[in-house]
Amino acid sequence: MKSLAEIAVQIMAIFALMFTGIVVAVLWFTHISSKADNKKELEKKKIEVMDRHFDEMVTVECPYCGATYPSNITRCPTCGANIRKLVVRKA
Ligand SMILES: [Zn+2]
């Protein structure tokens, strides 16, 4: 038969192991989620930059007067028509 001290040590060892396991799991999940957040943030930044460049590069033709202007302009510089709603945006 085991002594009480031995049993106590074993119980403490089990708790220590469980605690270590939990800490490792929490750290691991935090690490994973922070990595995922960074990736998401990067992806968002990339899309924003691409979107801005897209806006600068693409010229849109006004459906009312036929004038061309950068797609980041919300109003036609020639006739003043608000044509933003006619431009299909992905976001
Ligand atoms: Zn116009």
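Residues numbered from 1 in each chain as written. Predicted model: local features only at pLDDT ≥ 70, side-chain atom pairs only at ≥ 80, totals over all residues.

**Some words on the overall build of the protein**
Link 1 in the chain: Secondary structure assignment for the protein yields one helix and two strands.
Link 2 in the chain: Going from N to C terminus, the protein has its helices and strands arranged as α-β-β.
Link 3 in the chain: In the protein, the share of contacts with a sequence separation of at least 24, taken over all contacts with a separation of at least 6, comes to 5%. (Helix = DSSP H or I, 4+ residues; strand = E, 2+ residues; numbered from the N terminus. Contact = placed C-beta atoms within 7 Å.)

**So, the environment of Cys65**
Link 1 in the chain: Mapping Cys65 onto the fold places it in the loop between strand 1 (59-61) and strand 2 (68-70).
Link 2 in the chain: A residue is classified by how many C-beta atoms lie within 10 Å of it, and Cys65, with 12 of them, is exposed.
Link 3 in the chain: Distance from Cys65 to Cys79, taken between C-alpha atoms, is 6.7 Å for residues 14 residues apart in sequence.
Link 4 in the chain: Contact partners of Cys65, with chain neighbours within four places excluded, come to Cys76, Thr78 and Cys79. (Buried ≥ 20, exposed ≤ 12 C-beta atoms within 10 Å, placed from the backbone.)

**Quick notes on the confidence of the model for the protein**
Link 1 in the chain: Confidence in the prediction of the protein, expressed as mean pLDDT, is 82, and 87% of residues score 70 or more.
Link 2 in the chain: The lowest-confidence element of the protein is strand 1, averaging 80 in pLDDT; the highest-confidence one is helix 1 (residues 4-57), averaging 87. (pLDDT = per-residue confidence, 0-100.)

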